[in-house]
Amino acid sequence: LLLTFHRGFDLGDEGMHLLLYKYPQEYKVTIYNHHYLVTALLPSSWINVFNLRVAWLTGELAGGIVLFCGCIAFMRGRGIKVTSTDTALFLLSGANALALSIHDRIIGYNSISNLLLNTSAGLLLFALPSKQYSLRNGWLIAGAFFLVAVQFFIKPTAALGALLLE
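Small disclaimer: the values here were computed from a predicted structure and weren't measured.

**Quick look at a nonpolar patch on the surface**
Judged by side-chain polarity, Tyr133, Leu135 and Trp139 come together as a nonpolar surface patch covering roughly 470 Å² of accessible area. Residue position: Trp139 is located in helix α6 (residues 135-154).

Next comes the structure, spelled out in structure tokens:
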């Protein structure tokens, strides 16, 4: 995967995302708004295929790690013994999911959704094992709902489903 980051792009989703990022003012009406978030966070000189693929992989890994750590913390917080073998198998299953999600290897609404929703779920899992309210848990829960709100801005249908599941 890493060896192909600098090579070409497809004319489907990746091409469309590149146009959205390079010329966001030309595409004001779309069914999602992820290009506004990406262009607000990344300088225009940074927008090329390689850098957007690095952003995709970084986002996928970051969301997966937060979710992974949140699951481990939740299980330990509930008194479930998590062995190193369990942890390794859990991590490998997450890595397998990342390997299967290479459909669109450029940062797009799916990878932003994965980052936001995996991080949101991870934050909730960090907050849930505690039996008492604390300021830390309040911030974790508020952060989780803020990420769902950002997701709602980016792609309303996916955010609505996530909000209903939470």
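After that view, the rundown keeps rolling.
**Some details on the environment of Trp46**
One can find Trp46 in the loop between α2 (34-41) and α3 (49-77). Accessibility expressed as a relative area gives 30% for Trp46, which makes it partly exposed. Between the alpha carbons of Trp46 and Lys22 there is a distance of 10.0 Å; along the sequence they are 24 residues apart.

**Focus: the environment of Leu125**
Assignment of secondary structure puts Leu125 in helix α5 (residues 109-127). The spatial distance from the C-alpha of Leu125 to the C-alpha of Ala73 is 7.2 Å, given a sequence separation of 52 residues. Excluding residues that lie within four positions of it along the chain, Leu125 makes contacts with Leu67, Gly70, Cys71 and Phe74.

**Details of the nonpolar core**
By size, the foremost hydrophobic cluster in this structure holds 18 residues, and its most contacted members are Tyr21, Val38, Leu52, Ile112, Leu116, Leu123 and Ile154. With 6 residues, the single largest contributor to this core is α5.

**Some remarks on the packing of α5 against α6**
Following both chains from N to C, one finds α5 and α6 inclined at 160 degrees, their axes separated by 8 Å at the closest point. With respect to their mutual orientation, α5 and α6 come out roughly antiparallel. Note that α5 runs across α6; the crossing there is left-handed. Contact with α5, carried on its side by Tyr109, Ile112, Ser113, Leu116, Leu117, Thr119, Ser120, Leu123, Leu124, Phe126 and Ala127, involves Arg136, Asn137, Leu140, Ile141, Gly143, Ala144, Leu147, Val148, Val150, Gln151 and Ile154 of α6 and no other residues of that element.

**Focus on the packing of α3 against α5**
Two numbers describe a pair of packed helices, the interaxial angle and the distance between the axes. Two numbers describe how α3 lies on α5: the axes approach to 8 Å, and their chain directions differ by 20 degrees. The orientation of α3 with respect to α5, classified from their angle, is roughly parallel. Considering only the axes of α3 and α5, their crossing is left-handed. Across the contact of α3 with α5, the residue classes tally to 13 nonpolar, 9 polar and 1 charged.

**So, the environment of Thr87**
Looking at the element boundaries, Thr87 is found in helix α4 (residues 84-100). Taking the C-alpha atoms as reference points, Thr87 and Ile72, separated by 15 residues in sequence, lie 7.7 Å from one another. Setting aside its immediate chain neighbours within four residues, Thr87 contacts Phe68, Ile72 and Val82.

Cut-off values and rules
- Just so you know, the residues in each chain are numbered from 1, in the order the chain's sequence is written.
- In keeping with the predicted nature of the model, local features appear solely for residues at pLDDT of at least 70, side-chain atom pairs appear and are counted solely at 80 or more, and the whole-chain, interface and lining totals rest on all residues.
- As a rule here, side-chain values come from all non-hydrogen atoms in the structure, and water together with hydrogens is ignored.
- Patch membership needs two things, relative accessible area over 30% and no salt bridge, and members are linked within 9 Å if like-charged or within 5 Å if nonpolar (Val, Leu, Ile, Met, Phe, Trp, Tyr).
- Only the protein chains shown count as cover for residues, and all accessible areas are computed by the Shrake-Rupley method using a 1.4 Å probe.
- Take a side-chain nitrogen of Lys or Arg and a carboxyl oxygen of Asp or Glu: if they are within 4 Å of each other, that pair is a salt bridge.
- Here a strand is any run of E in DSSP of at least two residues, a helix any run of H or I of at least four, and the numbering for each starts at the N terminus.
- Three exposure classes are used, based on accessible area relative to the maximum for each residue type with a 1.4 Å probe and protein chains only: buried under 20%, partly exposed in between, and exposed over 50%.
- Residue contacts are counted whenever heavy atoms from the two residues lie within 4.5 Å of one another.
- Within this scheme, the nonpolar core is defined by two criteria: the residues are buried Ala, Val, Leu, Ile, Met, Phe, Trp, Tyr or Cys, and they are joined through side-chain atoms within 4.5 Å.
- Helix axes are fitted to C-alpha atoms over the stretch in contact, other axes to C-alpha atoms as well, and angles between N-to-C directions run from 0 to 180 degrees.
- Throughout, the term roughly parallel applies to angles under 35 degrees, roughly antiparallel to angles over 145, roughly perpendicular to angles from 65 to 115, and oblique to all others.
- In this scheme the crossing of two helices becomes right-handed for a clockwise turn of the near helix relative to the far one and left-handed for an anticlockwise turn of less than a right angle.
- Polar here means any residue other than Ala, Val, Leu, Ile, Met, Phe, Trp, Tyr, Cys and Pro, which are nonpolar, and Asp, Glu, Lys and Arg, which are charged; Gly is therefore polar.

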